[in-house]
Amino acid sequence: MSRILYVVAALIVITATTGSALAGDPGDPDATCDGSTYEMVECIAAKTAMWDKRMTIAYQRLLKAGGTKQREPLRVAQRLWIQYRDANCLYYGMGEGTIARIEAGECMRKMTEQRAAELEGKEDRN
Amino acid sequence: MRFSLVTMMLVALALPATAAICHAEDAPKPAADAAPSKDPSNDCDGGTLQIVECIGKLTEEQDKRLNKAYREALKDARPEQRDLLKAAQRLWVQYRDANCEYYHQGEGSISRIEAEQCSFHMTKSRADELDGTDDQAK
């Protein structure tokens, strides 16, 4: 049980860091995240923060640009995406060993990057 | 900075706990059929209806793959992971439906095809994730 709480706390920290995007670290998308577990988790979180910003911008633009018929479905989809992301990455976080913490971070980074790319791509087509 | 400190404290707390059960990770499985990178749903041709049907068939195949991969993942999961995987999969289904409905509500008959492609891509990508054929390491 305490482990679940810990992983939840860690994911909240990742999400919180994501929001307050570390000013000094732009989360270079090409940087490889090497080092200790701590360094890797921090580096991956910085990348996630960058993708999260891009995703939010694309989402806001789409909400404004999209037809009225699409606005509500987009809100619903984005809400569900957040719930799905949290549940999915928590599943990785509960895996075995310290690697699970990195996998949970990678899950957040990858999912956010993919969702940003999807929303940005849709933007281009409009 | 405050968050970094908190993270550091959490890491420090977690390391001894997790180290005890640390073991060698299974190496990621190589892609069985090093799939061609191009999108097969683009090969569907004809009128809107035919394209929709054609992509629908491709999605069915991916759905079978996904179900198999999901059952395997459930079997391999640690007991404390099982409910989380079930919850994640339930939310994935809801998210897929909502996301593809968004495409469906777009303008013109192309939106039907886009909704169908949405379903195909999402199902394939989830199957890849669960059976480990996606490029997890980047």
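These figures come from a predicted structure and were not determined experimentally. (Residues numbered from 1 in each chain as written. Chains lettered and ligands numbered in written order. Predicted model: local features only at pLDDT ≥ 70, side-chain atom pairs only at ≥ 80, totals over all residues.)

Visitor: Could you give an account of the overall build of chain A, naming the residues involved and the relevant values?
Guide: Check the secondary structure of chain A and you find 4 helices and 0 strands. Traced from its N-terminal end to its C-terminal end, chain A shows the element sequence α-α-α-α. Long-range pairs, those at least 24 residues apart, make up 67% of the contacts in chain A between residues at least 6 apart in sequence. (Helix = DSSP H or I, 4+ residues; strand = E, 2+ residues; numbered from the N terminus. Contact = placed C-beta atoms within 7 Å.)

Visitor: Give a detailed account of the overall build of chain B, specifying residues and quantitative values.
Guide: Of regular secondary structure, chain B possesses 4 helices and 0 strands. Secondary structure elements in chain B, listed N-terminal to C-terminal, are α-α-α-α. Considering chain B as a whole, with its 138 residues, one finds that 23% of them fall into the buried category. (Buried ≥ 20, exposed ≤ 12 C-beta atoms within 10 Å, placed from the backbone.)

Visitor: I'd love a proper account of the packing of helix α3 (residues 79-104) of chain B against helix α4 (residues 110-131) of chain B, names of residues and values included.
Guide: When two helices pack together, their arrangement is given by the angle between their axes and by how far apart the axes lie. Residues and elements named next belong to chain B. The interhelical angle for the contact between α3 and α4, taken along N-to-C directions, is 155 degrees, at an axis separation of 7 Å. Accordingly, the angle class assigned to the pair α3 and α4 is roughly antiparallel. Seen from above, α3 lies across α4 with right-handed handedness. Contacts between α3 and α4 involve W92, R96, N99, C100, Y103 and H104 from the former and S111, R112, E114, A115, C118, S119, M122 and R126 from the latter. (Axes fitted to C-alpha atoms, helices over the stretch in contact; angles between N-to-C directions. Parallel < 35°, antiparallel > 145°, perpendicular 65-115°, else oblique. Left-handed = near helix turned anticlockwise from the far one by under 90°.)

Visitor: Would you mind going over the packing of helix α2 (residues 48-76) of chain B against α4 of chain B in detail, with residue names and values included?
Guide: Residues and elements named next belong to chain B. Close contact between α2 and α4 brings their axes to 8 Å; oriented N to C, the two are set at 20 degrees. For the element pair α2 / α4, the angle class is roughly parallel. Crossing of α2 over α4 shows left-handed handedness. Along the lines of polarity and charge, the residues of the contact of α2 with α4 split into 12 nonpolar, 7 polar and 7 charged. (Nonpolar A, V, L, I, M, F, W, Y, C, P; charged D, E, K, R; others polar.)

Visitor: Quick one: what's the story with the environment of F120 of chain B, residue by residue and with numbers?
Guide: Residues and elements named next belong to chain B. Topologically, F120 is positioned in helix α4. Judged by local crowding, F120 falls into the buried class, with 24 C-beta atoms found within 10 Å. On a C-alpha basis, the gap between F120 and I55 in space is 7.0 Å, while along the polypeptide they are 65 residues apart.

Visitor: Break down the nonpolar core for me, with residues and values.
Guide: Proteins that are soluble and globular tend to have nonpolar side chains buried together. The biggest cluster of nonpolar side chains holds 26 residues, and the ones touching the most others in it are Y91 of chain A together with L84 and A88 of chain B. Of all the elements in the fold, those that place two or more residues in this core are α3 (68-93) and α4 (99-125) of chain A together with α3 and α4 of chain B. Core analysis: the next-biggest nonpolar cluster, separate from the first, contains 13 residues, V41, C43, M50 and W51 of chain A among them. (Core = buried A, V, L, I, M, F, W, Y, C linked by C-beta atoms within 7 Å.)

Visitor: Outline the environment of Y84 of chain A, supporting the account with residue identities and numerical values.
Guide: Along the chain, Y84 of chain A falls in helix α3. For the pair formed by Y84 of chain A and T56 of chain A, sequence separation is 28 residues and the distance between their alpha carbons is 17 Å. Setting aside residues no more than four positions away along its own chain, Y84 of chain A makes contact with A88, L91, W92 and Y95 of chain B.

Visitor: Outline the confidence of the model for chain A, listing residues and values.
Guide: All names here are of chain A. Averaged over all residues, the pLDDT of chain A is 83; the fraction at 70 or higher stands at 73%. The secondary structure element of chain A with the lowest average pLDDT is helix α1 (residues 2-19), at 57, and the one with the highest is α3, at 97. In the predicted structure, residues 17-26 sits below a pLDDT of 50 and forms 15 contacts with residues beyond four places in sequence or in another chain. (pLDDT = per-residue confidence, 0-100.)

Visitor: Give a description of the confidence of the model for chain B that names residues and reports values.
Guide: Residues and elements named next belong to chain B. Scored by pLDDT, chain B comes out at a mean of 80, with 70% of its residues at no less than 70. Residue range residues 8-34 is modelled with pLDDT below 50. Its contacts to residues more than four positions away, or to other chains, number 29 contacts. For this predicted complex, the interface confidence reaches an ipTM of 0.79, while the overall pTM sits at 0.75.

Visitor: Explain the environment of Y91 of chain A to me, and be specific about the residues and the numbers.
Guide: Here Y91 of chain A lies in helix α3. Under the C-beta neighbour-count criterion, Y91 of chain A is labelled buried, with 26 such atoms within 10 Å. Measuring from C-alpha to C-alpha, the distance between Y91 of chain A and Y38 of chain A comes to 20 Å, with 53 residues separating the pair along the chain. Apart from residues lying up to four places away in sequence, Y91 of chain A is in contact with Q81, L84, L85 and A88 of chain B.

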